[in-house]
Amino acid sequence: MLRPSHRYAQWITLRGRGLRALLVQPRWGAGGLVRQERSQVAHIEADEFKLLMDAVADAVLVCDGQEHILHLNKAAELLLGWTREELAGQPFSVLVPQRIRTWGGVPLTQHLLDRNASRQGRPVLVPLRHRNGPEVVLEAVIGSTKAREHERIVLTLRHIPEVPDATTEPLEQGLCLYPWQHAHTGLAHMPTLAERLYQLIFEHAPLGLFHFGNPPFIIACNDCFAEILGSTRQRLLGLNLLTLRDTRLMDCVRATLLGKHARYEGHYTSVTTGKVTPVRVHFAPFFDEQERVVGGVGIVEDITSQHRMEEERATQLALASTLLRTAPIGMAFFDTRLRFVHINDALATATGQPPEAHLGRSLPAMLGSGGLHLEQFLRHVLETGQPLERLELSAQELGLAGPWLYWTLSIYPVRAVDGRILGIGSVVENTTGTKLAEQERSRLLREAQEAVRVRDDFLTIASHELKTPLTPLSLRLATLERKLERGEPVDPASLHHARQHLTRLTTLINDLLDTSRIESGGLALHPQPTRLDVLIEHVIHVTETLHDARDRITFHLPVRPIEVLGDPYRLEQVISNLLENALKYSPDGGTIRVSLEARGDVVLMTVSDPGIGIPSDQQQHLFERYFRARNVSTHAYGGLGLGLYICRDIVARHGGSIWVESEVGRGSTFYVALPTLQASRALTALTPEPRVH
Ligand code: ADP
């Protein structure tokens, strides 16, 4: 009759036959249970029966054979909202919604009893009218004594848990609840226009809609709601919203029942399917005419896609900000008032201030007059909507102190989807490295071109220089040959001139060979103590003789001999070169003065001439290979530009130095400083390896 697991059934089992007899035998009046003298259980008082019934946790409702309500216990009163005084004697149908009062002409209770055989006492979901108006979906177990005269129909009712028992069967037709049907328990009702409209909205709204009563059982919901929650209407109807797992959701329900609006946002997990759905629910209380809260409505939005979009947006934002932050190029964004709204680390570092320091500030406020200059570009882009790309700027142009820095600046309008300009974006690339590399490249190119030019010039000059002494030499030799054949006397002057040309040729060839030796690792030196005063005297004599320049060179011997540790052959080459240059570049004659003195550890020799001088900007290059000053034309002054280059190398290898002081048109003085013999020896003693070799 009643399923064994039911609490009421347990109670019955406890009380045994006595209670069953009570249900069958007593006669009850409209006011309650009346004790029967003839009862087999006469000892059970009506009050005791009521007490017993009230002690049952489930709601119990007892009807007679004509389906008139005889009794309902305390739990039933609480569940349905009606008092037993109100219902006693009333037909059971007052509790039944109009639409399910009859099933194929059979009253509901009879229909349920008929189905009992096939249900084998398992519960059925039945909607019943709550006193407040809304329907409550309940789990019902029905039983009957079947005794004709004193038939008793007993219904035990429970509000269903969130997960309906698998053995519970919904009363299909009865559960197709709609809110507009609640109130109409009377005669067939033609829905009003407003109700039909509401029905339309309820059924077709793209939102989940549900109604709940007070207590908060779900009494109606649309398909969308069931779909969002991954459940079915049948499963959701009758669900007690205060048995959910989500306490926040239940707080919203409680707040609604206190007459407040509430809003929930979270992940709803369906207990039955485990489906997790991000939802937003708006709760609104539902008041009756007396302003009492009789339930509420919930409007449910599935915010899965919104969540996904927000997550995607957050991911994109995170990506973008990581890119911005770590990009090796500078980036900044400005609003339409041209105030910084974002600046990345790379650019902030270049300005010497942290990114936060820029926000809300303008370029002039950050960079002064340089910022004002830049702001004009931004304003131009803002006004025209046209980007400005790859503007080249330098720190100096922006009035910034510090090293030479170069940037390439591109400015773009930042537009909304509708094309409106929202602000300005700028990309700044530090091109200092590239710029300097470019400059270095063009310098190297210039130098390479110059080297090619010098080489070409050198070849021309070298061939000219080599040919110059060769032609007169061969002429003089031919003349000498003829004279000797004819037995005529030979003029010593002719021989002297031939030797001059030969010396010149030898010097040129030696210079070329020495240059090549210097290039490939250095000249070999054979140092020995050398009297420099004597050496100078000797070279002067040779030079004067060779160049027919007797008495043009003056040299006052120092009082004491001056010795150096050096290679006499190479030192002679230096002195001779300086003297020959002095003579060569003094075309108007004049005295060449040579001096020599020892100053502490240094021996200083000077060669001064009253010649053409050297332009000051050329003097620094004088000792470079192939260099010839611009006031020296090949035509007027022969030479390969190698003499001084070789001199510098020889002097440097002796631990000395060579330099010049000169003025164009007034002459030049060449200085050669060498360590004295003592200084060189002291140095050699200190140095294990000889410095010159
Ligand atoms: P060369 O004399 O063969 O050109 P050097 O190496 O001896 O080569 O000299 C290099 C350049 O230095 C000369 O071409 C000339 O322009 C300049 N120079 C050298 N000595 C003098 C000097 N005494 N007076 C003026 N210019 C000089």
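Looking at an unreviewed UniProt entry, the protein carries the name histidine kinase, with the source organism given as Stigmatella aurantiaca. In the Catalytic activity (unreviewed entry) part of its UniProt record, the protein is described as follows: "ATP + protein L-histidine = ADP + protein N-phospho-L-histidine."

A few words on the overall build of the protein. Along its length, the protein carries 22 helices and 27 strands. Looking at the protein as a whole, 45% of its 693 residues are labelled buried. Intrachain contacts of the protein at a sequence separation of at least 6 include 55% that bridge at least 24 residues. Of the accessible surface of the protein, which amounts to about 36800 Å², a share of 56% is contributed by carbon and sulfur atoms.

Take the site of the ligand next. Around the ligand, the surrounding shell holds 22 residues, and the nearest of these are Asn 581, Tyr 585, Asp 609, Arg 628 and Leu 644. One of the side-chain nitrogen or oxygen atoms of Asp 609 is found 2.9 Å away from a nitrogen atom of the ligand. Leu 644 is positioned such that a nitrogen or oxygen atom in its backbone is 2.8 Å from an oxygen atom of the ligand. Look at the ligand: alone it shows 520 Å² of surface, and the protein chains cover 97% of it. If you list the elements that add at least two residues to the shell around the ligand, you get α20 (568–584), α21 (643–653) and β27 (667–675). For the shell around the ligand, the element with the most residues is α20, which contributes four residues. Looking at side-chain class alone, the shell around the ligand contains twelve nonpolar, seven polar and three charged residues.

Below, the discussion takes up the packing of α20 against α21. For the pair α20 and α21, the least separation of the axes is 10 Å and the interaxial angle reads 145°. In the packing of α20 onto α21, the handedness of the crossing is left-handed. Of the residues in α21, those touching α20 at Arg 570, Gln 573, Val 574, Asn 577, Leu 578 and Asn 581 are Gly 643, Leu 644, Ile 646, Cys 647, Ile 650 and Val 651. For the contact of α20 with α21, the per-class residue count stands at seven nonpolar, four polar and one charged.

Attention now moves to the sheet that holds strand β20 (residues 421–430). Here five strands make up an open sheet; going across it, the order is β17-β16-β20-β19-β18 and the pairing antiparallel. Every other strand in the sheet has two partners, leaving β17 (340–343) and β18 (388–394) as the edge strands with one partner each. In this sheet, neighbouring strand axes are inclined to one another by 20° on average, regardless of whether the strands run parallel or antiparallel. With five bridges connecting them, β18 and strand β19 (residues 406–415) associate as antiparallel partners. Pairing of Ser 394 across the sheet is with Tyr 406, part of β19. Taken strand by strand, helix α16 (residues 369–384) contacts β16 (330–334), β18, β19 and β20, and its axis lies near 175° from that of β18. Across the sheet, helix α17 (residues 432–486) lies against β18, β19 and β20, angled at about 140° from β19, the strand it touches most.

Quick look at the side chain of Thr 530 now. Residue placement: Thr 530 occurs in strand β21 (residues 528–531). Look past the residues within four positions of Thr 530 in its chain and what remains in contact with it is Leu 535, Ile 562, Glu 563, Val 564, Gly 566 and Pro 568.

Next up on the list: a nonpolar patch on the surface. A cluster of nonpolar side chains, contributed by Leu 197, Leu 200 and Ile 201, occupies part of the molecular surface with about 300 Å² of accessible area. With respect to the helices and strands, Ile 201 occurs in helix α8 (residues 193–204).

Attention now goes to the pairing of β19. Within a regular strand, the side chains alternate between the two sheet faces. Burial analysis of β19 places seven of its ten residues in the buried class, which makes it a mostly covered element. In this antiparallel pair of consecutive strands, β19 and β20, the connection spans five residues, and Gly 419 shows a positive phi of 95°.

This part takes up the environment of Thr 431. Relative to the elements of secondary structure, Thr 431 occurs in the loop between β20 and α17. Residues contacting Thr 431, with those up to four places away along its chain left out, are Tyr 406, Trp 407 and Thr 408.

The phi dihedral of Leu 338 is positive, around 60°, even though this residue is not glycine. Tracing the chain through its elements places Leu 338 in the loop between β16 and β17. A positive phi angle, near 50°, is found at Asp 548, a position not held by glycine. Summarising the element assignment, Asp 548 is placed in the loop between α19 (532–546) and β22 (553–555).

This next bit is on the packing of helix α18 (residues 492–519) against α20. If you want to describe how two helices pack, look at the angle between their axes and the distance between the axes. Remark: α18 packs on α20, axes separated minimally by 14 Å, with the N-to-C direction vectors making an angle of 115°. Like other packed secondary-structure pairs, α18 and α20 cross with a definite hand, here left-handed. In this structure, α18 uses Asn 510, Asp 511, Asp 514 and Arg 517 to contact α20, whose residues at the interface are Tyr 569, Arg 570 and Gln 573. Residue composition of the contact of α18 with α20, by class: one nonpolar, two polar and four charged.

The next subject is the sheet that holds β22. Spatially, five strands are ordered β22-β24-β25-β27-β26 in an open sheet, and the strand pairing comes out mixed. Only two strands of the sheet have a single neighbouring strand rather than two, namely β22 and β26 (657–663). Averaged over all pairs of adjacent strands, the angle between their axes in this sheet comes to 15°, without regard to strand direction. As judged from the seven bridges shared by β26 and β27, these two strands associate in the antiparallel manner. Bridge pairing links Ser 662 to Ser 668 in β27.

This part takes up α18. Over its 28 residues, α18 runs 40 Å from end to end, which matches the ideal 40 Å to within 8%, given 1.5 Å per residue. Among the residues of α18, Ser 494, Ala 498, Gln 500, Leu 505, Leu 508, Asp 511, Asp 514, Thr 515 and Ile 518 are the ones counted as buried. Buried residues along α18 sit against α17, α19, α20 and α21. Where α18 begins, the capping side chain belongs to Asp 491, and its oxygen is found 3.1 Å from the backbone nitrogen of Ala 493. Of the residues one or two after α18, Gly 521 is the one with positive phi, at around 130°.

Describing an aromatic ring pair means giving the distance of the ring centres and the angle of the ring planes. Summed over the entire model, instances satisfying the criterion amount to nine aromatic pairs. Note on Phe 334 and Phe 340: the rings are 4.6 Å apart at their centroids and 40° apart in plane angle, and the pair reads as tilted. When its relative accessible area of 4% is taken as the criterion, Phe 334 is described as buried. Above the ring of Tyr 406, the side-chain terminus of Lys 435 is found at 5.5 Å from the ring centroid.

Procedures and definitions
Residues numbered from 1 in each chain as written. Predicted model: local features only at pLDDT ≥ 70, side-chain atom pairs only at ≥ 80, totals over all residues. Heavy atoms only, no water. UniProt positions renumbered as here; feature names shortened; annotations may be inferred. Helix = DSSP H or I, 4+ residues; strand = E, 2+ residues; numbered from the N terminus. Buried < 20%, exposed > 50% of the residue type's maximum accessible area, 1.4 Å probe, protein only. Contact = heavy atoms within 4.5 Å. Areas by Shrake-Rupley, 256 points an atom, 1.4 Å probe, with all protein chains shown as cover. Near = heavy atom within 4 Å. Polar contact = N/O pair within 3.5 Å; in protein donor to acceptor, adjacent residues only side chain to side chain. Nonpolar A, V, L, I, M, F, W, Y, C, P; charged D, E, K, R; others polar. Axes fitted to C-alpha atoms, helices over the stretch in contact; angles between N-to-C directions. Left-handed = near helix turned anticlockwise from the far one by under 90°. Pairing = 2+ DSSP bridges. Patch = residues over 30% accessible without salt bridge, like charges linked within 9 Å, V, L, I, M, F, W, Y side chains within 5 Å. Salt bridge = Lys/Arg side-chain N within 4 Å of Asp/Glu carboxyl O. Expected span 1.5 Å × (residues − 1). Phe/Tyr/Trp six-rings, centres within 6.5 Å; stacked < 30°, edge-to-face > 60°. Lys NZ or Arg CZ within 6 Å of the ring centre and 35° of its normal.

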